[in-house]
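# Descriptive analysis of the structure
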Amino acid sequence: LVRFGGVTGEAEDDISKAYWMGRISYNKGELMQLTPDSLLYKMSYHRFGQTMLDGYLGYDRARDAKIHPEPVTLSSLEEVFTSKHWSVRVYRLVPPVSQDQAAFSGVSGDT
């Protein structure tokens, strides 16, 4: 479950809270950078780059910025619900492919 304010401009979403969690957890006041490789970033911005807002693809209203143009892919999660204004996003774990299933389907389990 992810709370995301990129469409509505809601400043109290999970990405904004990650900034404060990082600031509190670091003793020297160093700030945590949310990178495109982080799970929170991927869950928040999955498919968001194809969304047109304010004349831009992938424009995040809460942070007043365009997101990284690369498509965000999720390999071990599957989106099951996104609310109308993207405020709530729900994902589920994709079960890993077992060796037996991989052999039967011809798919490699080493992905």
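Report follows, based on the coordinates.

## Focus on the pairing of strand β6 (residues 77-82)
Pairing between β6 and strand β7 (residues 88-93): five bridges, direction antiparallel. Bridging from a neighbouring strand, Glu78 pairs with Arg92 of β7. With antiparallel pairing between neighbouring strands as the criterion, β6 and β7 make up a hairpin whose turn holds five residues, including Trp86 at a positive phi of roughly 65°.

## Notes on the pattern of salt bridges
One pass over the full model with this rule turns up seven salt bridges. With its nearest N and O atoms 2.5 Å apart, the salt bridge here joins Glu78 to Arg92. Here Arg92 lies in strand β7 and Glu78 lies in strand β6, a separation of 14 residues in the sequence. Given the relative accessible area of 33%, Glu78 is considered partly exposed. Among the salt bridges present, the one from Glu79 reaches Arg89, with a minimum N-O distance of 3.1 Å. In this pair, Glu79 is assigned in strand β6 and Arg89 in strand β7, connecting sequence segments 10 residues apart. Among the charged side chains, a network of salt bridges with common partners joins Asp13, Asp60 and Arg63.

## With respect to the sheet that holds β7
Taken in spatial order, the three strands of this open sheet run β1-β7-β6, and their pairing is antiparallel. Edge positions in the sheet fall to β1 (2-3) and β6, since each of these pairs with one other strand and no more.

## Overview of the nonpolar core
The biggest cluster of nonpolar side chains holds 11 residues, and these are Phe4, Val7, Ile15, Tyr41, Tyr45, Phe48, Leu53, Tyr59, Ile67, Val72 and Trp86. In this structure, Leu53 is in contact with Gly6, Val7, Phe48, Tyr59 and Arg61, ignoring residues within four places of it in sequence. Residues Val2, Met43, Leu77 and Tyr91 belong to the second largest nonpolar core, which totals five residues.

## A word on the pairing of β7
Looking at chain direction, β1 and β7 are connected through two bridges and run antiparallel. Bridging across to β7, Val2 finds its partner in Arg89.

Parameters and conventions
- Throughout this document, residue positions are counted from 1 along each chain, in the order its sequence is written.
- Confidence filtering applies because this is a predicted model: local features only for residues at pLDDT of at least 70, side-chain atom pairs given and counted only at 80 or more, and all residues used for totals across whole chains, interfaces and linings.
- Only heavy atoms go into the side-chain values, all of them from the structure, while hydrogens and water stay out.
- Being paired, for any two strands, means DSSP has found at least two bridges between them.
- Helix numbering and strand numbering both begin at the N terminus, where a helix is a DSSP run of H or I of at least 4 residues and a strand a DSSP run of E of at least 2.
- Put simply, a salt bridge is a Lys or Arg side-chain nitrogen that is within 4 Å of an Asp or Glu carboxyl oxygen.
- Relative accessibility under 20% of the residue-type maximum defines a buried residue, over 50% an exposed one, and the middle range a partly exposed one, all with a 1.4 Å probe and only protein chains included.
- Among buried residues, the Ala, Val, Leu, Ile, Met, Phe, Trp, Tyr and Cys ones that are joined through side-chain atoms within 4.5 Å form a nonpolar core.
- Whether two residues are in contact is decided by their heavy atoms, any of which lying within 4.5 Å being enough.

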